[in-house]
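# Coordinate analysis (summary)
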Amino acid sequence: MGKSLLILGAQWGDEGKGKITNYFSEKADYVVRYQGGNNAGHTIVFDGKKYALRLIPSGIFNPKIRCVMGNGMVINPRAFFEEIEELQKAGFSCSNLYLSDRAHVLFDHHLELDRLNEEALKEKKIGTTKKGIGPCYTDKVSRIGMRMCDFISDDFPSLYKELLKRKNQEILSFNGTPIDYEKTVKEYSEMAKKIRPYVFDTIALLKEARKAQKNILFEGAQGALLDIDFGSYPYVTSSSVTSGGAISGSGIGLKGIDEVLGIVKAYQTRVGEGAFPTELKNEIGDLLRERGHEYGTVTHRPRRIGYLDLVALKYSIQINGISSICLTLLDVLGGLKEIKVCTSYSYKGEKISTLPASNSVLKECTPNYVSLKGFQEDISKVKTFDELPENAKKYIEFLEKELEIPVSVFSVGPDKYQTIVRKEIF
Ligand code: GDP
Ligand code: IMO
Ligand code: MG
């Protein structure tokens, strides 16, 4: 039987999904992205080199792996070719890329509208990556978007003209600069021609893969708490980040996923606005930011830092059906005297253990912490669980007990092989 594993972020993104997907890709025949676009930034380090992937799945370095960009994704063709070019310069052909004919195309007007929307929101801005993600998914849901199959068809110029007319009205309503059709249609038509060889019916491709008992890895972008339905709305992204999104964004079918591995950073980070109960606006936060190099891969913004939040994590485990955890950046906690973990919130004097739907309620929640002893040792060269210092082991065991699922994998550094598998999952 072919195996399948879904790797997804259990927090607010940047948990190390790219690194872990790349690690497990050694056993994969397919690596599938199913949502998001180039708002993602997945860092991968191997053979002393560092790569930052945005749109392209983290299996791209092995030409034998088929890398699928699923129907749930939004693709900026310009960003797509820029990324391919970078990879080709580094010696990776990218001829193993399969882009869904149902994925949506992200245009310049989406970038402009993202910028204008954020500007109009003023102090209520989302803090988006300004990659046009929200406006592109908005068009998809409004049923006026453009899919890859139409982008590469002969009808593209007329479809684009119609679409742009409508979108320029929206841009003008914000006092923005309309997009010039004559100028852009030429560039987009050229890109459409160039993208054609990458476009496939990826639903049929995945069906074939399942039939041939291939091993399939699914790679989430963003994190569960940024999901359009389950996240801290409206401070979320516009796609279905959680495991349901892996089904609807790839076409694999409900029974196509065997295991769900939740990637969990040993502490918590967030980029952009929105409530963050365990946020540390102090020297501990600053220390973790520097030690963990917590600056955005895409926007280079400093990430907000906090202690691990088990209220949010338990919620994330439930909504995703996470079967085990991969705990990343554990090494970054080394040197702390104590490690705090949030186990419940206080809201207006009452203790709550579930994640409130409202961002304004969550903003008023204060964390109740359990304090664990820290570890002082450098753990970046550890190869087994047993080699970990006692207090690091206790941290992992505490999480397993609280979350009631195993920590099957942990990570002690950015390199691919600073990964320790405790229980075979793929
Ligand atoms: P992703 O978006 O989930 O793929 O995560 P990012 O790549 O945006 O952010 C994770 C960052 O942590 C990257 O810079 C990784 O190289 C780095 N990283 C991943 N795992 C570890 C780890 O276990 N320890 C340390 N120190 N860094 C890690
Ligand atoms: P990876 O895959 C962290 C955040 C943005 C903003 C919100 C909406 O690297 O984990 P968007 O541009 O998507 O409309 O922004 O979502 N965000 C991320 N935060 N990691 C990501 O991706 C993110 N992608 C979007 O900062 O708060
Ligand atoms: Mg990232």
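Keep in mind that what you see is a predicted model, and the values were worked out from it rather than measured.

### Here's the deal with the overall build of the protein chain
Counting its secondary structure elements, the protein chain contains 13 helices and 20 strands. For the protein chain, the C-alpha radius of gyration of 21 Å lies close to 22 Å, the compact-globule estimate for 426 residues. Principal-axis analysis of the C-alpha atoms gives the protein chain an extent of 65 × 50 × 35 Å. Here the protein chain, with 426 residues, has 58% of them falling under the buried criterion. Across the protein chain, every contact between residues at least 6 apart in sequence was considered, and the portion connecting residues at least 24 apart equals 76%. Accessible surface for the protein chain amounts to roughly 18600 Å². Of this, 50% is attributable to carbon and sulfur atoms. The average position of the 59 basic charges and that of the 55 acidic charges among the side chains of the protein chain differ by 1 Å.

### Here's the deal with the pairing of strand β2 (residues 30-33)
The side chains of a regular strand alternate between both faces of the sheet. On β2, burial covers both faces: Tyr 30 and Val 32 on one face and Val 31 and Arg 33 on the other are all buried. Summarising the sheet, β2 and strand β5 (residues 66-69) pair through 4 bridges and their orientation is parallel. Across the sheet, the residue bridging to Val 31 is Cys 67, located in β5. Pairing of β2 with strand β10 (residues 216-219) involves 4 bridges; the strand directions are parallel. Across the sheet, the residue bridging to Tyr 30 is Ile 216, located in β10.

### Examining the site of ligand 1
The environment of ligand 1 is made up of 18 residues, and the closest members are Lys 17, Gly 41, Thr 43, Asp 331 and Ser 411. With respect to ligand 1, the side chain of Thr 297 contributes an N or O atom lying 3.2 Å from an oxygen atom. Within the side chain of Asp 331, a nitrogen or oxygen atom sits 2.8 Å from a nitrogen atom of ligand 1. Those elements giving two or more residues to the shell around ligand 1 turn out to be α1 (17-24) and β3 (42-46). Here the shell around ligand 1 takes 3 residues from α1, the largest share from any one element. Residue composition of the shell around ligand 1, by class: 4 nonpolar, 8 polar and 6 charged. Counting contributing residues per domain, the shell around ligand 1 is built from domain 1 (4-101 + 199-259) and domain 3 (264-421), each supplying no fewer than three.

### Here we look at the site of ligand 2
If you check the shell around ligand 2, you find 20 residues, and the closest are Asp 14, Lys 17, His 42, Thr 129 and Thr 237. At 2.7 Å from an oxygen atom of ligand 2 is found a side-chain nitrogen or oxygen belonging to Lys 17. Here an oxygen atom of ligand 2 and a backbone polar atom of Val 271 are 3.0 Å apart. Its residues placed into classes, the shell around ligand 2 shows 7 nonpolar, 10 polar and 3 charged.

### Quick notes on the packing of helix α3 (residues 108-121) against helix α6 (residues 156-173)
Running from N to C, α3 and α6 point in directions that differ by 15°, and their axes come no closer than 11 Å. As the angle between them shows, α3 and α6 are arranged roughly parallel. As for the relative orientation of α3 and α6, their crossing is left-handed in sense. Along its contact with α3, which presents His 109, Glu 112, Leu 113 and Leu 116, the element α6 presents Tyr 160, Leu 163, Leu 164, Lys 167, Glu 170 and Ile 171. In terms of residue class, the contact of α3 with α6 is made up of 6 nonpolar, 1 polar and 3 charged.

### Observations concerning the environment of Asn 71
Tracing the sequence through the fold places Asn 71 in the loop between β5 and β6 (74-75). Spatially, the C-alpha atom of Asn 71 lies 30 Å from that of Ser 408, the residues being 337 residues apart in sequence. Ignoring any residue separated from it by four or fewer positions in sequence, one finds Asn 71 in contact with Ser 100, Arg 102, Ala 103, Lys 140, Ile 203, Ser 248, Gly 249, Ser 250 and Gly 251.

### Notes on the nonpolar core
Phe 24, Phe 80, Leu 97, Leu 99, Phe 151, Tyr 160 and Leu 261 are the most contacted members of the largest nonpolar core, which has 59 residues in total. With 6 residues, the top contributor of residues to this core is helix α7 (residues 181-195). Residues from two domains meet in this core; each of domain 1 (4-101 + 199-259) and domain 2 (104-195) gives at least three. Not counting residues up to four positions away in its chain, the partners in contact with Leu 99 are Met 69, Ile 75, Phe 80, Met 148, Ile 195, Tyr 198, Val 199, Phe 200 and Thr 202. Counting 53 residues, the second-largest nonpolar core is a separate cluster that includes Val 68, Leu 310, Leu 333 and Val 382.

What counts and what doesn't
Residues numbered from 1 in each chain as written. Chains lettered and ligands numbered in written order. Predicted model: local features only at pLDDT ≥ 70, side-chain atom pairs only at ≥ 80, totals over all residues. Heavy atoms only, no water. Helix = DSSP H or I, 4+ residues; strand = E, 2+ residues; numbered from the N terminus. Rg over C-alpha atoms; globule rule 2.2 N^0.38 Å. Buried < 20%, exposed > 50% of the residue type's maximum accessible area, 1.4 Å probe, protein only. Contact = heavy atoms within 4.5 Å. Areas by Shrake-Rupley, 256 points an atom, 1.4 Å probe, with all protein chains shown as cover. Lys, Arg positive; Asp, Glu negative; His and termini not counted. Charge placed at Lys NZ, Arg CZ, Asp CG, Glu CD. Pairing = 2+ DSSP bridges. Near = heavy atom within 4 Å. Polar contact = N/O pair within 3.5 Å; in protein donor to acceptor, adjacent residues only side chain to side chain. Nonpolar A, V, L, I, M, F, W, Y, C, P; charged D, E, K, R; others polar. Domains from an automatic or database assignment. Axes fitted to C-alpha atoms, helices over the stretch in contact; angles between N-to-C directions. Parallel < 35°, antiparallel > 145°, perpendicular 65-115°, else oblique. Left-handed = near helix turned anticlockwise from the far one by under 90°. Core = buried A, V, L, I, M, F, W, Y, C linked by side-chain atoms within 4.5 Å.

Worth remembering: the numbers are spatial, not functional.
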